[in-house]
Amino acid sequence: MAGHERLSFMDAYSGYNQILMKEGDEAYTTFHSDQENFCYLVMPFGLKNTGATYQRMVNKLFKAQIGRNTEVYMDDMLVKTSNNEVEYEALIARLRTAKAIQVKRLIVRDDSQLVVNQVNRHYETKDNRMAAYLEVAKSLVSSFDAFEMRQVPRNENEKVDALSRLSTEALAQLDGSVYIELLSKHSHQV
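The notes below deal with the structure included here. (Residues numbered from 1 in each chain as written. Predicted model: local features only at pLDDT ≥ 70, side-chain atom pairs only at ≥ 80, totals over all residues. Heavy atoms only, no water.)

## What to know about the overall build of the protein chain
In terms of helices and strands, the protein chain carries five helices and seven strands. Looking at the 190 residues of the protein chain, the share that counts as buried comes to 41%. For the protein chain, the accessible surface area stands at approximately 11,400 Å², while carbon and sulfur atoms represent 50% of it. (Helix = DSSP H or I, 4+ residues; strand = E, 2+ residues; numbered from the N terminus. Buried < 20%, exposed > 50% of the residue type's maximum accessible area, 1.4 Å probe, protein only. Areas by Shrake-Rupley, 256 points an atom, 1.4 Å probe, with all protein chains shown as cover.)

Structure (structure tokens):
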């Protein structure tokens, strides 16, 4: 966390139950009630490998950023950034990822008072670049059924700190591979 001005924390709390079952495997999850037979179309939380499947999916989606500016543990994600422009880049990357995996309800926790209040429409943007980032973020936010962005004071970021320590220890055990994603353009220019 040293050298990072901002930390963004995202909790994809409904992620488990949004992983589609493999076509043909739905029949293996059948159950019946008094009225009818049912099967799951998405992975129910109680399946034996749901957690591992979800972790593999998240690792695959964030592989270009893990170890660089993102730490991921199950449905908790930490993005470390150094200024508001980079904060927006991180937010947009997370929103695009959540959209790609078809998340329907999303809560984003962030310690950037400016970005949170701009996204929540409490603050105006006066800078053209920030306005461009905000437009991209608002467009992505509109793709979710429910979206909430909360500002978390830095002194209340214990969960983020714990996640960062856990992820740093886990990364130390890897084989040294570091994934890097080079952006050729700012997100608001794509």
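## Quick look at the pairing of strand E6 (residues 105-110)
Among the six residues of E6, five are classified as buried, and the element is accordingly described as predominantly covered. With six bridges connecting them, E6 and strand E7 (residues 146-151) associate as parallel partners. Each residue of the ladder has a partner; that of Arg-105, found in E7, is Ala-146. (Pairing = 2+ DSSP bridges.)

## Comments concerning the nonpolar core
Of all hydrophobic cores here, the largest spans 21 residues; its most connected members are Tyr-88, Leu-91, Leu-95, Leu-106, Val-119 and Met-149. Listed by contribution, the elements that provide at least two residues to this core are helix H2 (84-100), E6, helix H3 (113-119) and helix H4 (128-141). With seven residues, H4 is the largest single contributor of residues to this core. (Core = buried A, V, L, I, M, F, W, Y, C linked by side-chain atoms within 4.5 Å.)

## So, the environment of Asp-25
Inspection of the secondary structure puts Asp-25 in the loop between strand E1 (6-11) and strand E2 (31-32). Owing to a relative accessible area of 26%, Asp-25 belongs among the partly exposed residues under this scheme. When the C-alpha atoms of Asp-25 and Cys-39 are compared, they prove to be 9.5 Å apart, with 14 residues separating the residues in sequence.

## Let's talk about H4
Working note: α-helix, 3.6 residues per turn, so residues spaced by three or four point in the same direction. Helix length check: H4 (14 residues) gives 20 Å between terminal C-alpha atoms against 20 Å at 1.5 Å per residue, within 8%. Taken together, the buried positions of H4 are occupied by Met-130, Tyr-133, Leu-134, Val-136, Ala-137, Leu-140 and Val-141. Taken down its axis, H4 places every buried residue within 160° of arc, on the same side. Elements that come into contact with the buried residues of H4 comprise H2, H3 and E7. (Expected span 1.5 Å × (residues − 1). Arc of directions from axis to C-beta. Contact = heavy atoms within 4.5 Å.)

## What about unusual backbone geometry?
In this model, Gln-102 sits at a positive phi of 65°, which is unusual for a non-glycine residue. Overall, Gln-102 belongs to the partly exposed group, its relative accessible area being 42%. Phi at Arg-121 takes a positive value of approximately 65°, unusual for a residue other than glycine. Of the residues examined, Arg-121 reaches a relative accessible area of 62% and is grouped as exposed.

## Some words on the packing of aromatic side chains
Applying the stated rule across the entire model yields four aromatic pairs. Between Phe-31 and Tyr-40, the aromatic rings sit 5.4 Å apart at their centres with planes inclined by 40°, giving tilted as the arrangement. In this structure Phe-31 comes out as partly exposed when scored by relative accessible area, which is 38%. Summarising the aromatic geometry, the rings of Phe-144 and Phe-147 are spaced 6.3 Å apart at their centres and angled 20° between planes, so their arrangement reads as stacked. Its relative accessible area of 8% is what places Phe-144 among the buried residues. (Phe/Tyr/Trp six-rings, centres within 6.5 Å; stacked < 30°, edge-to-face > 60°.)

## Here's the deal with a nonpolar patch on the surface
Residues Phe-31, Phe-38 and Tyr-40 make up a contiguous nonpolar surface patch of roughly 270 Å² in combined accessible area. Mapped onto the elements of the fold, Tyr-40 is located in the loop between strand E3 (37-38) and helix H1 (50-61). (Patch = residues over 30% accessible without salt bridge, like charges linked within 9 Å, V, L, I, M, F, W, Y side chains within 5 Å. Salt bridge = Lys/Arg side-chain N within 4 Å of Asp/Glu carboxyl O.)

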